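# Summary of the model geometry
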Amino acid sequence: MTGPKAPAHGSPRPLAGPIVTLDGPAGAGKSTTAREVACRLGFRHLNSGTFYRALAFALLDAEIVPERWSELRTEHFDALPLRVEPTSEGFRTMLDARVLEEELRSPLVTGEASRLAAFAPVRAWLLGVQREVGRGGRLVADGRDMGTVVFPEAELKFYLTADLSARARRRLRDHGVDAPTVAEIEEEARRIEDRDRCDSERRHAPLRRPDDAYEIDTTRLEFDQQVEAIVARVLGAG
Ligand code: C5P
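Structure report, in brief. No experiment lies behind these values; they were computed from the predicted model shown.

Even without being a glycine, Asp96 presents a positive backbone phi close to 50°. The topology assignment puts Asp96 in the loop between strand S4 (91-95) and strand S5 (98-100). A positive phi angle, near 50°, is found at Arg138, a position not held by glycine. For Arg138, the position within the fold is in the loop between helix H5 (120-133) and strand S6 (139-143).

Structure, rendered in structure tokens:
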């Protein structure tokens, strides 16, 4: 990916504009919320999960099997034809000339991205990419470690949670299943729990609530309510 020029470790650069971070477990509605908050504020949306997914997709596409991922170093990632490009609303990932979109949402890429995210060289490399693309500020960044590791100096941090079954229902709805059976909800909940466990128990940048984050439980909130709660806080803080 182009952009991994920032130092992988050490302190982030001074930012030209404000950054808002949204962290939380899988299916808490971070990305859709962050996209809408960014739109209302006129900021860019950085969906960091997309970068983990794009890297997993690029490795699979290059036929580098997951069993070998633990051996990979940053120079291997530099050699992939992956790029991040700014768009009017956020960023898109590209593999050669191909814009990566739906292929990043497949169950295979979702599961492998989560395993890939546990490796230190992966996180170090993507840390550089994320700080580089976020350098200008005016950003709403969502993920697992936005407020703790990638943008620890962000102006405002939020931590979104929701009940496991609410998260499973939302994920299913995102995939077009509006009236799921109990079995479907249970299966999706298990997948989410597996990813949460991977993300919370890993050694490097595990998922945790930043100490200075506002926590929002979205279980009983309408989408508009959670967006408005965040936008109001950002504007109130400005
Ligand atoms: O948010 P999303 O589900 O697209 O993220 C895909 C995977 O990427 C997550 O399961 C998580 O393991 C990893 N990830 C991460 N840190 C981030 C964003 C995503 O480890 N900041």
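Back to the write-up after that little detour.
A few words now on the layout of surface pockets. Quantified by volume, the second largest pocket comes out at close to 410 Å³. Looking at the second largest pocket, it is lined by 16 residues, and the ones nearest its centre are Pro107, Thr110, Glu188, Arg191 and Arg195. Mapped by element, the contributors of at least two residues to the lining of the second largest pocket are helix H4 (107-116), helix H7 (164-174) and helix H8 (182-201). Residue contributions to the lining of the second largest pocket peak at 6 residues, all from H8. Along the lines of polarity and charge, the residues of the lining of the second largest pocket split into 4 nonpolar, 4 polar and 8 charged.

As a further point, take the packing of aromatic side chains. The final tally for this structure, using the stated rule, is 2 aromatic pairs. Measuring from centroid to centroid gives 5.5 Å for Phe77 and Trp125, while their planes differ by 50°, and the two rings are tilted. Here Phe77 is found in helix H3 (residues 74-78), whereas its partner Trp125 is found in helix H5, with 48 residues between them in sequence. The burial state of Phe77 is the same as that of Trp125; both residues are buried. Over the ring of Phe91 we find Arg44, and its NZ or CZ is 5.7 Å from the ring centre. When the ring centre of Tyr214 is taken as reference, the NZ or CZ atom of Arg233 above it lies at 3.8 Å.

Glancing now at the sheet that holds S4. Each strand in a sheet pairs with another by means of backbone hydrogen bonds, the pair being arranged parallel or else antiparallel. Read from one edge of the open sheet, 3 strands run S3-S4-S5, paired in antiparallel fashion. Edge strands, defined here as strands with exactly one partner in the open sheet, are strand S3 (82-86) and S5. Neighbour to neighbour, the strand axes of the sheet diverge by 40° on average, direction disregarded. Helix H2 (residues 48-61) contacts S3, S4 and S5 of the sheet and is inclined by roughly 5° relative to S4.

Rules used in this analysis
Residues numbered from 1 in each chain as written. Predicted model: local features only at pLDDT ≥ 70, side-chain atom pairs only at ≥ 80, totals over all residues. Heavy atoms only, no water. Helix = DSSP H or I, 4+ residues; strand = E, 2+ residues; numbered from the N terminus. 1 Å grid on protein atoms, 1.4 Å probe; cavity = no way out; pocket = protein on both sides within 12 Å on 5 of 7 lines; lining within 4 Å. Points joined across faces, edges and corners; volume = space filled by probe spheres on them. Nonpolar A, V, L, I, M, F, W, Y, C, P; charged D, E, K, R; others polar. Phe/Tyr/Trp six-rings, centres within 6.5 Å; stacked < 30°, edge-to-face > 60°. Buried < 20%, exposed > 50% of the residue type's maximum accessible area, 1.4 Å probe, protein only. Lys NZ or Arg CZ within 6 Å of the ring centre and 35° of its normal. Pairing = 2+ DSSP bridges. Axes fitted to C-alpha atoms, helices over the stretch in contact; angles between N-to-C directions. Contact = heavy atoms within 4.5 Å.

Any functional reading would require information that these geometric values do not contain.
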